[in-house]
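So the chains spell out like this:
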Amino acid sequence: MKHFALAVFLLATALPAAPAFADSALPPAEYSYSQLADPKQEASAKALMETLRCLVCQGQSIADSDAEMAGDMRAMVRRRIAAGEKPEDIRAWLVGRYGAWVSYAPPVEPLTWPLWAAPLLLIGAGLFLARGRFKRKKR
Amino acid sequence: MKRRLIIWIPLAVFVIFVATVAFSLYAPAERVIRSRMIGKPVPAFALEAAAPGHQGLTSADLAAGQPRIVNVFASWCVPCIAEAPQLLALAGQGIPIDAIAIRDRPEDVADFLAKWGDPYQRIGSDRDSRVQMAFGSSGVPETFVVDGQGVVRYQHIGDIRPEQVSEIAAAYEAAK
């Protein structure tokens, strides 16, 4: 038991102190952690931030992430919403720079048509398979 | 007979679904996000100087007739230290290199340059990653080649390794 504790202690102290992703010394940008004064604007900014992907912590939205770049992206979104820009224009601006990947809302385009058509096709297939059952019940 | 076959369709769809999920789980996710600004003019910006002894950087500086390299870096970024000798080598070949310092303080940038060498002509200070986003850059370090008309021609993501110096130099030559 003593050896185990010692091993844990040695392991803990031997680990490098510096994280793989360093952070800057600057405080978070304005609006990265503070809301807009206008509740309506804040709501639309929040809704947009929840559908934008964080670039350094992929798999999280910028609303969820504590990465500095996500903070800067939130600040950018809030700043632009406050300036009267439409959420979809901000999304388009980001997609123009990082590709559709940055957005969690897939665009309707030939590549994603199967995605949008799949639910309809599956419901259709399900109805087709179940049609015999419906007939029998009516009898 | 036909009916028998149809019965298996849901199971087949389910198997395809599970196979797709399993495949996506184990395939490494695409971690590198390329900028869509390649072939487009540099976004309009004007950044203040990021370090004493250097001028700031504006989009006009990047459309001055000669191609330039723009290095996106930060004093707090560890891989930026790793690529410093490679940038010095490129500067030594007479390639003009400007920089954008992300979320940085002048004293920290000055320290960084004193320690690891200074290959830069102009350095703009991008305190809230605004210009970085406008470039479609998603991290530090990244290196762009901009041609004489101010059109982004090339993007290198991550630190420049010694064996990649010639790639960057070739991209610079191609932008002439």
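Quick caveat, the model's predicted, so the values are computed rather than measured.

A. Inspection of the overall build of chain A at higher detail. Counting secondary structure elements, chain A contains five helices and zero strands. Secondary structure elements in chain A, listed N-terminal to C-terminal, are α-α-α-α-α. Counting all 139 residues of chain A, 22% fall into the buried class. Partitioning the contacts of chain A with sequence separation of at least 6, the portion at a separation of at least 24 is 53%.

B. Quick peek at the overall build of chain B. When its secondary structure is counted, chain B shows six helices and seven strands. A compact globule built from 176 residues should have a C-alpha radius of gyration of about 16 Å, whereas chain B, at 22 Å, is more than 25% larger. Judged by the C-alpha coordinates and their principal axes, chain B covers about 85 × 30 × 30 Å. Buried residues in chain B amount to 40% of all 176 residues. Relative to all contacts within chain B whose residues are 6 or more apart in sequence, the contacts with residues 24 or more apart total 75%.

C. Representation of the nonpolar core in the model. Ranked by size, the top nonpolar core spans 39 residues in total, and within it B:Val70, B:Phe73, B:Ala74, B:Ala99, B:Ile100, B:Ala101 and B:Ile123 carry the most contacts. Discounting residues that sit within four places of it in the chain, B:Phe73 has contacts with B:Cys80, B:Ala99, B:Ala101, B:Val140 and B:Pro141. Residues A:Ala45, A:Leu55, A:Ala75 and A:Met76 belong to the second largest nonpolar core, which totals 22 residues.

D. How the structure looks around the environment of B:Gln132. Inspection of the secondary structure assignment puts B:Gln132 in helix α5 (residues 130-134). Other than its neighbours up to four places away in sequence, B:Gln132 contacts B:Val72, B:Ile100, B:Ile102, B:Asp126 and B:Ser137.

E. Focus on the interface of chain B and chain A. Each partner contributes to the interface: chain B provides 23 residues, whereas chain A provides 21 residues. A class-by-class count of the residues in the side of chain B that touches chain A yields nine nonpolar, five polar and nine charged.

F. Up close: the confidence of the model for chain A. Per-chain confidence: chain A averages 83 in pLDDT, with 81% of residues scoring 70 or above. Helix α2 (residues 39-49) of chain A holds the highest mean pLDDT among the elements of chain A, 96, whereas helix α1 (residues 2-14) of chain A holds the lowest, 53.

G. Up close: the pairing of strand β7 (residues 152-157) of chain B. Residue and element names in this part refer to chain B. Bridge count for strand β6 (residues 142-146) against β7 is five bridges, and the pairing is antiparallel. Across the sheet, Thr-143 pairs through a bridge with His-156, a residue of β7. Between β6 and β7, which pair antiparallel in sequence order, lie five residues; one of them, Gly-150, sits at a positive phi of approximately 85°.

H. View of the sheet that holds strand β3 (residues 68-73) of chain B. All names here are of chain B. The strand order across the open sheet built from five strands is β5-β4-β3-β6-β7, with neighbouring strands paired in mixed fashion. Single-partner strands in this sheet number two, and they are β5 (123-126) and β7. Neighbouring strand axes in the sheet, compared pairwise and without regard to direction, differ in orientation by 20° on average. Taken together, the five bridges between β3 and strand β4 (residues 97-102) define a ladder with parallel strand orientation.

I. Broad picture of the domain arrangement of chain A. Once the domains are mapped, chain A shows domain 1 (23-107) and domain 2 (108-139). Here domain 1 of chain A and domain 2 of chain A have C-alpha centroids that lie 37 Å from each other.

J. Quick peek at the packing of α2(A) against helix α4 (residues 87-98) of chain A. Residues and elements named next belong to chain A. Interhelical geometry of α2 versus α4 gives an angle of 35° and a closest axis separation of 10 Å. Every pair of crossing elements has a handedness; the one defined by α2 and α4 is right-handed. Between α2 and α4, the contacting residues are Ser-44, Ala-47 and Leu-48 on the first element and Pro-87, Ile-90 and Arg-91 on the second. Its residues assigned to classes, the contact of α2 with α4 comprises four nonpolar, one polar and one charged.

K. Seen up close, the packing of helix α3 (residues 78-92) of chain B against helix α6 (residues 165-174) of chain B. All names here are of chain B. At a minimum axis distance of 10 Å, the contact between α3 and α6 shows a crossing angle of 40°. With respect to each other, α3 and α6 are oriented oblique. Handedness of the α3/α6 crossing: right-handed. On the side of α3, the interface is formed by Gln-86, Ala-89 and Leu-90, while α6 contributes Val-165, Ile-168 and Ala-169. Looking at side-chain class alone, the contact of α3 with α6 contains five nonpolar, one polar and no charged residues.

About the cut-offs
Residues numbered from 1 in each chain as written. Chains lettered and ligands numbered in written order. Predicted model: local features only at pLDDT ≥ 70, side-chain atom pairs only at ≥ 80, totals over all residues. Helix = DSSP H or I, 4+ residues; strand = E, 2+ residues; numbered from the N terminus. Buried ≥ 20, exposed ≤ 12 C-beta atoms within 10 Å, placed from the backbone. Contact = placed C-beta atoms within 7 Å. Rg over C-alpha atoms; globule rule 2.2 N^0.38 Å. Core = buried A, V, L, I, M, F, W, Y, C linked by C-beta atoms within 7 Å. Nonpolar A, V, L, I, M, F, W, Y, C, P; charged D, E, K, R; others polar. pLDDT = per-residue confidence, 0-100. Pairing = 2+ DSSP bridges. Axes fitted to C-alpha atoms, helices over the stretch in contact; angles between N-to-C directions. Domains from an automatic or database assignment. Left-handed = near helix turned anticlockwise from the far one by under 90°. Parallel < 35°, antiparallel > 145°, perpendicular 65-115°, else oblique.

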